[in-house]
Amino acid sequence: MKWLKKRDAVIYFLLWKKFKETGFTLYEAYSYLDPYFSKKITKSTIRYMSRAGLAVNKEGKYFLIPLEEYLWVLSLPYLKGELLFVIEFKDDFYLYLLLR
């Protein structure tokens, strides 16, 4: 997964501050971000956030996932791998049994 570009992070932040609980339609996002970004950029960023898992589309409305929750879900597989790596250094035999 790629990290967000600065522009995408700014759009996420603006949408999160405005539509945290209620969700938004594309039209609402266009009208809110119109002074800062074009419709093309807004649409492509929201589409990218949907594919990356930061936004969820339910019945034509987008809901943003909290950034902390998103980062936790992304980092969980990495943390599990690191945990096995730490166990390997403490006791090789235990790791051997754990992996079989």
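Small disclaimer: the values here were computed from a predicted structure and weren't measured. (Residues numbered from 1 in each chain as written. Predicted model: local features only at pLDDT ≥ 70, side-chain atom pairs only at ≥ 80, totals over all residues. Heavy atoms only, no water.)

Explain the side chain of Asp-8 here, please?
Within the fold, Asp-8 resides in helix H1 (residues 6–19). Buried and without a salt bridge, Asp-8 has Arg-7 as its closest oppositely charged side chain, separated by 4.1 Å. In this structure Asp-8 touches Thr-45 and Tyr-48, once residues within four positions along its chain are discounted. (Helix = DSSP H or I, 4+ residues; strand = E, 2+ residues; numbered from the N terminus. Buried < 20%, exposed > 50% of the residue type's maximum accessible area, 1.4 Å probe, protein only. Lys, Arg positive; Asp, Glu negative; His and termini not counted. Salt bridge = Lys/Arg side-chain N within 4 Å of Asp/Glu carboxyl O. Contact = heavy atoms within 4.5 Å.)

Can you help me understand a nonpolar patch on the surface in this one?
Taken together, the side chains of Trp-3, Leu-67, Leu-71 and Leu-74 present a nonpolar region at the surface, about 410 Å² in accessible area. Topologically, Leu-67 is positioned in helix H4 (residues 67–90). Its relative accessible area of 38% is what places Leu-67 among the partly exposed residues. (Patch = residues over 30% accessible without salt bridge, like charges linked within 9 Å, V, L, I, M, F, W, Y side chains within 5 Å. Areas by Shrake-Rupley, 256 points an atom, 1.4 Å probe, with all protein chains shown as cover.)

Explain the pairing of strand S2 (residues 61–64) to me, please; I cannot follow it from the model alone.
Judged by which residues are buried, S2 turns out to be one-sided: Tyr-62 and Leu-64 face inward and are buried, whereas Lys-61 and Phe-63, on the alternate face, are not. Note that strand S1 (residues 55–58) and S2 share four bridges and pair antiparallel. Bridged to Lys-58 within S2 is Lys-61. In this structure, the hairpin formed by S1 and S2 is closed by a connection of two residues, where Glu-59 is found at a positive phi of approximately 55°. (Pairing = 2+ DSSP bridges.)

Is there a simple way to explain the environment of Tyr-36 in this structure?
Structurally, Tyr-36 is set in the loop between helix H2 (26–33) and helix H3 (39–52). The spatial distance from the C-alpha of Tyr-36 to the C-alpha of Ile-11 is 9.3 Å, given a sequence separation of 25 residues.

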